[in-house]
Amino acid sequence: ETGVTQSPTHLIKTRGQQVTLRCSSQSGHNTVSWYQQALGQGPQFIFQYYREEENGRGNFPPRFSGLQFPNYSSELNVNALELDDSALYLCASSLPLAGGLSTDTQYFGPGTRLTVL
Amino acid sequence: KQEVTQIPAALSVPEGENLVLNCSFTDSAIYNLQWFRQDPGKGLTSLLLIQSSQREQTSGRLNASLDKSSGRSTLYIAASQPGDSATYLCAVGSGNTPLVFGKGTRLSVIA
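Quick notes on the rules
- Residues numbered from 1 in each chain as written.
- Chains lettered and ligands numbered in written order.
- Predicted model: local features only at pLDDT ≥ 70, side-chain atom pairs only at ≥ 80, totals over all residues.
- Heavy atoms only, no water.
- Helix = DSSP H or I, 4+ residues; strand = E, 2+ residues; numbered from the N terminus.
- Contact = heavy atoms within 4.5 Å.
- Polar contact = N/O pair within 3.5 Å; in protein donor to acceptor, adjacent residues only side chain to side chain.
- Pairing = 2+ DSSP bridges.
- Axes fitted to C-alpha atoms, helices over the stretch in contact; angles between N-to-C directions.
- Core = buried A, V, L, I, M, F, W, Y, C linked by side-chain atoms within 4.5 Å.
- Buried < 20%, exposed > 50% of the residue type's maximum accessible area, 1.4 Å probe, protein only.
- Disulfide = S-S within 2.5 Å.
- Salt bridge = Lys/Arg side-chain N within 4 Å of Asp/Glu carboxyl O.

Q: Quick question: what am I supposed to make of the environment of B:Gln6 here?
A: Residues and elements named next belong to chain B. Along the chain, Gln6 falls in strand E1 (residues 4-7). Spatially, the C-alpha atoms of Gln6 and Ser52 are 19 Å apart, while their sequence positions differ by 46 residues. Not counting the four nearest positions on each side in its chain, Gln6 is found in contact with Asn22, Cys23, Trp35, Tyr88, Leu89, Cys90, Gly102, Lys103, Gly104 and Thr105. Engagement of the side chain of Gln6 in a polar contact is seen with the backbone nitrogen of Cys90, the distance being 3.0 Å.

See the structure below:
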């Protein structure tokens, strides 16, 4: 059984650029959630994807967008980067709950550390 | 809006001590509560998941309790070891809303 993997591990961008972060779900999991964790804070929910459709979104602007692919891997795209986007971005996979957002046991990847200069 | 608070923010104990980490939440209509461990700069490792119908869960030296009516959970760590040093995060799930996390408790166990 493979765990959740994320790439890249670290990334440095400048303000205004665009970035794509990638996540591979744990085997058998068809739901993926993305979180942003600023230094010293708990993770904040960005959005969740289930079977390639967005299944819930947190309080993040539209320049944060995502995709889920048929193999359940996922991307997080951030356009027009701002300094405050510097954070650890976490991906988590899980099995879905019927009729709602998945909040069953979530398996987190190691994260991508994004620094915006 | 669900809010999760963890106290204390940081804790330093000598090796071998038993300790308790606290988590409180404002909306008792939860589906489950999870405790996670996070090592510096790393992702989250799920430690224990308590369903809303349960009172506690145990795994090795860890025991988590849940009191929905009072909006509290505790994580008890027995016979602490230096390898337990990490940040411990509590997260609440409410079925149709995403996980809401506290800011964590940073634990240092001194040998």
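Q: Just checking my understanding: could you explain the sheet that holds strand E8 (residues 72-77) of chain B for this structure?
A: Note: strands within a sheet are paired through backbone hydrogen bonds, in either parallel or antiparallel orientation. All names here are of chain B. Read across the open sheet, the 5 strands follow the order E1-E3-E8-E7-E6; overall the sheet is antiparallel. Every interior strand has two partners, whereas the edge strands, E1 and strand E6 (56-59), have only one. If you compare each strand with its neighbour and ignore which way they point, the axes differ by 15 degrees on average. Here E1 pairs with strand E3 (residues 19-25) via 4 bridges, running antiparallel. Bridging across to E3, Ile7 finds its partner in Asn22.

Q: In this structure, what is going on with the nonpolar core? I would like to understand it.
A: Soluble, globular proteins show a tendency: their nonpolar side chains are buried together. Residues B:Phe25, B:Leu33, B:Trp35, B:Leu75, B:Ile77, B:Tyr88 and B:Leu107 are the most contacted members of the largest nonpolar core, which totals 22 residues. Within the residue set of this core, elements represented by two or more residues are E3, strand E4 (32-38), strand E5 (44-51), strand E7 (62-67), E8, strand E9 (86-93) and strand E11 (105-110) of chain B. Residues contacting B:Ile77, with those up to four places away along its chain left out, are B:Glu17, B:Asn18, B:Leu19, B:Arg61, B:Leu62, B:Asp84, B:Tyr88 and B:Leu107. Core analysis: the next-biggest nonpolar cluster, separate from the first, contains 20 residues, A:Ile46, A:Phe64, A:Leu81 and A:Cys91 among them.

Q: So what exactly am I meant to see when it comes to the state of the cysteines here?
A: The term disulfide refers to a covalent linkage connecting the sulfur atoms of a pair of cysteines. Taken as a whole and assessed by the stated rule, the structure comprises 2 disulfides over all chains. Between A:Cys23 and A:Cys91 runs a disulfide, and the two sulfur atoms are separated by 1.7 Å. One quick way to see it: the torsion about the S-S bond of A:Cys23 and A:Cys91 is about -50 degrees, and its sign makes the bridge left-handed. Of the two residues, A:Cys23 sits in strand E3 (residues 19-24) while A:Cys91 sits in strand E9 (residues 87-94), which places them 68 residues apart along the sequence. By relative accessible area, A:Cys23 is classed as buried at 1%. On the accessibility criterion, A:Cys91 (0% relative accessible area) is buried. The side chain of B:Cys23 participates in a disulfide bridge whose partner is B:Cys90; the two sulfur atoms lie 1.9 Å from each other. Taking the sign of the S-S torsion, -50 degrees for the link of B:Cys23 and B:Cys90, the bridge is left-handed. Residue B:Cys23 is found in strand E3, and its partner B:Cys90 is found in strand E9; the two are separated by 67 residues along the sequence.

Q: Explain the sheet that holds strand E8 (residues 74-78) of chain A here, please?
A: Residue and element names in this part refer to chain A. Taken in spatial order, the 4 strands line up as E1-E3-E8-E7 in an open sheet, and their pairing is antiparallel. Because the sheet does not close on itself, it has two edges, and the strands there are strand E1 (5-7) and strand E7 (64-68). The mean inter-strand angle of the sheet, taken between neighbouring strand axes irrespective of direction, is 20 degrees. With 5 bridges connecting them, E7 and E8 associate as antiparallel partners. Across the sheet, residue Leu67 finds its bridge partner in E8, namely Glu75.

Q: Looking at this structure, how should I read the environment of B:Lys1?
A: Tracing the backbone shows B:Lys1 in the segment before E1. Residues B:Lys1 and B:Leu66, spaced 65 residues apart in sequence, show a C-alpha to C-alpha distance of 20 Å.

Q: It is not clear to me how the pattern of salt bridges should be interpreted in this structure. Could you clarify?
A: Think of it this way: side chains of opposite charge can pair up when their charged atoms draw near. On inspection of all chains with the given rule, the structure shows 6 salt bridges over all chains. Measuring nitrogen to oxygen at the nearest pair gives 3.3 Å for the salt bridge that ties A:Glu82 to A:Arg63. Remark: A:Arg63 occurs in the loop between strand E6 (53-57) and E7 and A:Glu82 occurs in the loop between E8 and E9; sequence separation between them is 19 residues. Residue classification places A:Arg63 among the buried residues on the basis of a relative accessible area of 16%. The salt bridge involving B:Arg61 is made with B:Asp84; its shortest N-O contact spans 2.8 Å. Of this pair, B:Arg61 sits in the loop between E6 and E7 while B:Asp84 sits in the loop between E8 and E9, and the two are 23 residues apart along the sequence.

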